[in-house]
Amino acid sequence: MSQQKTTSQMTGAKMVVQALKDQGVEVVFGYPGGAVLPIYDELFQQNEIRHVLVRHEQGATHMAEGYARSTGKPGVVLVTSGPGATNAVTGITDALMDSIPMIVLSGQVPTFLIGTDGFQEADTVGITRPCTKNNWLVKDPDRLAETIHQAFHVATSGRPGPVLVDIPKDVQFAEGTYTPPQKAKVDHYQPRVKGDIDAITALVEMLEQAERPIFYTGGGVINSGPAACQLLVELADATGIPVTSTLMGLGAYPASGKQWIGMLGMHGLYEANMAMHDCDLMVNIGARFDDRITGRVNAFSPNSRKVHIDIDPSSINKVIRVDLPILGDVGHVLEDLLRIWKSRGRKTNREGLAQWWKQIDAWKAVNCLAYKGSESIIKPQLALQRLEALTKGRDRYITTEVGQHQMWAAQYLNFDGPNRWMTSGGLGTMGYGLPASIGVQIAHPDALVINVAGEASWLMNMQEMGTAVQFRTPVKQFILNNERLGMVRQWQQLLHGERYSHSWSESLPDFVKLAEAFGCKGIRAEHPDELDDAIMAMLDYDGPVIFDCLVERHENCLPMIPSGNAHNDMLLPSDDVRGAITGIGLTLV
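These figures come from a predicted structure and were not determined experimentally. (Residues numbered from 1 in each chain as written. Predicted model: local features only at pLDDT ≥ 70, side-chain atom pairs only at ≥ 80, totals over all residues. Heavy atoms only, no water.)

Novice: For this particular structure, what's the right way to read the nonpolar core?
Specialist: Across soluble globular proteins, nonpolar side chains have a tendency to be buried as a group. Counting 106 residues, the largest nonpolar core has Leu-384, Phe-478 and Phe-547 as the members making the most contacts within it. Here this core spans two domains, and each of domain 2 (197–364) and domain 3 (380–550) adds at least three residues to it. What Leu-384 contacts, discounting residues up to four positions off in sequence, is His-405, Trp-408, Ala-409, Tyr-412, Leu-413, Val-452, Phe-478 and Leu-480. In terms of nonpolar packing, the next biggest core, distinct from the first, is built from 42 residues, Tyr-67, Val-77, Ile-438 and Val-440 among them. (Core = buried A, V, L, I, M, F, W, Y, C linked by side-chain atoms within 4.5 Å. Buried < 20%, exposed > 50% of the residue type's maximum accessible area, 1.4 Å probe, protein only. Domains from an automatic or database assignment. Contact = heavy atoms within 4.5 Å.)

Novice: Help me understand the packing of helix α16 (residues 380–391) against helix α23 (residues 531–540) in this model?
Specialist: The geometry of a pair of packed helices is captured by two quantities: the angle between their axes and the separation between those axes. α23 packs onto α16 with a crossing angle of 50 degrees between their chain directions and a minimal axis gap of 10 Å. When the axis of α16 is compared with that of α23, the two are oblique. Along this stretch, α16 crosses α23, giving a crossing that reads as right-handed. Residues Leu-382, Ala-383, Arg-386, Leu-387, Leu-390 and Thr-391 of α16 form the contact with α23, whose own contacting residues are Leu-531, Asp-532, Ile-535, Met-536, Met-538 and Leu-539. Considered class by class, the residues forming the contact of α16 with α23 number nine nonpolar, one polar and two charged. (Axes fitted to C-alpha atoms, helices over the stretch in contact; angles between N-to-C directions. Helix = DSSP H or I, 4+ residues; strand = E, 2+ residues; numbered from the N terminus. Parallel < 35°, antiparallel > 145°, perpendicular 65-115°, else oblique. Left-handed = near helix turned anticlockwise from the far one by under 90°. Nonpolar A, V, L, I, M, F, W, Y, C, P; charged D, E, K, R; others polar.)

Novice: Even after reading the chapter, I still don't get the layout of surface pockets, so can you show me in this structure?
Specialist: It is the rolling of a water-molecule-sized probe over the atoms that shows where space remains empty. The space that makes up the second largest pocket amounts to roughly 370 Å³. Trp-260, Leu-269, Leu-369, Gln-411 and Asn-414 are, among the 24 residues lining the second largest pocket, the residues nearest its centre. Those elements that provide at least two residues to the lining of the second largest pocket are β11 (260–263) and α17 (404–412). For the lining of the second largest pocket, the leading source of residues is β11, giving four residues. Each residue belonging to the lining of the second largest pocket can be placed in one class, and the counts come to 15 nonpolar, seven polar and two charged. In terms of domain composition, the lining of the second largest pocket takes at least three residues from each of domain 2 (197–364) and domain 3 (380–550). (1 Å grid on protein atoms, 1.4 Å probe; cavity = no way out; pocket = protein on both sides within 12 Å on 5 of 7 lines; lining within 4 Å. Points joined across faces, edges and corners; volume = space filled by probe spheres on them.)

Novice: Looking at this structure, how should I read the sheet that holds strand β4 (residues 75–79)?
Specialist: Think of a sheet as strands paired side by side through backbone hydrogen bonds, with each pair either parallel or antiparallel. The six strands lie next to each other as β3-β2-β4-β5-β7-β6, forming an open sheet whose pairing is parallel. At either end of the open sheet lies a strand with only one pairing partner, and these are β3 (50–53) and β6 (134–137). Within this sheet the neighbouring strands show an average axis-to-axis angle of 20 degrees, counted without direction. Bridging between β4 and strand β5 (residues 102–108) involves five bridges; their strand directions are parallel. When the sheet's bridge partners are listed, Leu-78 is paired in β5 with Leu-105. The strands touched by helix α2 (residues 37–44) within the sheet are β2 (27–30), β3, β4 and β7 (162–168), with β4 carrying the most contacts at an inclination of about 125 degrees. Contacts from helix α3 (residues 57–71) reach β2, β3, β4 and β5 within the one sheet, and its direction differs from that of β4 by about 165 degrees. (Pairing = 2+ DSSP bridges.)

Printed below as a string of structure tokens:
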């Protein structure tokens, strides 16, 4: 890794590129404009950092998210001032909600024009203050390199997240002193990583006594790193305690593992939600009790003692009051937890656990993912079951758009390791999946990368197929095309008297012809008998593919905890939906 001496004098633009090199950055996702041309000129004159030219700045942020989520390294974005920066706001907010490390470098008008409503001026720091961990406007070239190093530290320390550095154009031209990373001051932000030993010991005592315990895991386990995931596996397998996960935590514990009971939440599995409701000890490991998990808060797991392990102090007791908070990095806490549990004799309530698993097995027998098949039309569940079967065992990464297809993907695709599942959880950003898949493919050029999409969500950032073709990223776009805004239509059926207000996808393109227009391959499947051969054609093609899978238009994504209901008040595929809605008196929350 190249390093410059502390006394090196260079332009601000050169400092930006040197700082990225010193931080080990290999790829930048960006779009040029007047306010960042000096930085782009410096990028042109070097070969260490690869630049990926996106078609829209939102695409750049989602590519950086996919890159970061699949590698554990921060994603880097470079955009110009004004609309360049404001176009990035959605992706920045998405990264904040899902704890994705991202560094956004934005150009700004010259310092002497700030506040004059100059051409392409926007108050980028003001606009992004609510959706970043921290942001900076750098007016002094001597502070520029140090600020970028601080940005990397803040983005990747503690609970990861996005940061932004706004750099006026005159600062990019001006000369200053370069500060290398080891000289940068980062002492002001040092999150606590070691958990309190007394609290961890108290948790061990709870685990020894609990009759119906459950590990409720989230994206924080994955963010802590592969070692934390291994510790989770060791802990769960050694204790025999069941494991469930949020949408963002899939893969932290393997889906093939003995203790796995599936994803929980609004579209989680019946057995996972029932276990959360009836447990007597809930151990939250790196999750944030969001509303898609808790359902109605005052009915959430009413008879359990609750423990929350999290590195972010603001997440503890924000939604659910817990009996035992443990502040610290998941990996460090699990390491101490295992050590103390082993030193005390590896005790659990074996009789209680045996009865607990009998109950869980009874809930599993409900077979909550069952659906009515069809010989004439492709059911979306079948499409994902076949995709899972035909890609199982491959070096596979999955991204998704947002909607019914996202939930079906979480239900029917299995992940045995972390960093293989990239989806927009907290913000629910339509248009996320296509650019995210490109970011993943850039990071893993030899892997199979599939974006599971809905036609409406995919169209939001379809322009990034141009990026996929230009940079020869063989991403597979697997579109479940129901010609509807599927989740919107489902909610309108369940909660709005079947008044389908603007939930049709009108005037859809021919996706096969669209693929050809972009210079990639288009495939269409309309009948169940065509499905396997079409999927194999997609997998065998050495390049980007748009797969138009025409599916049942009015299939509902079940099981479902209707908004505002408790975990044990679920709609199942076997229910008469209209009767169930009337019976439980749903309200929109």
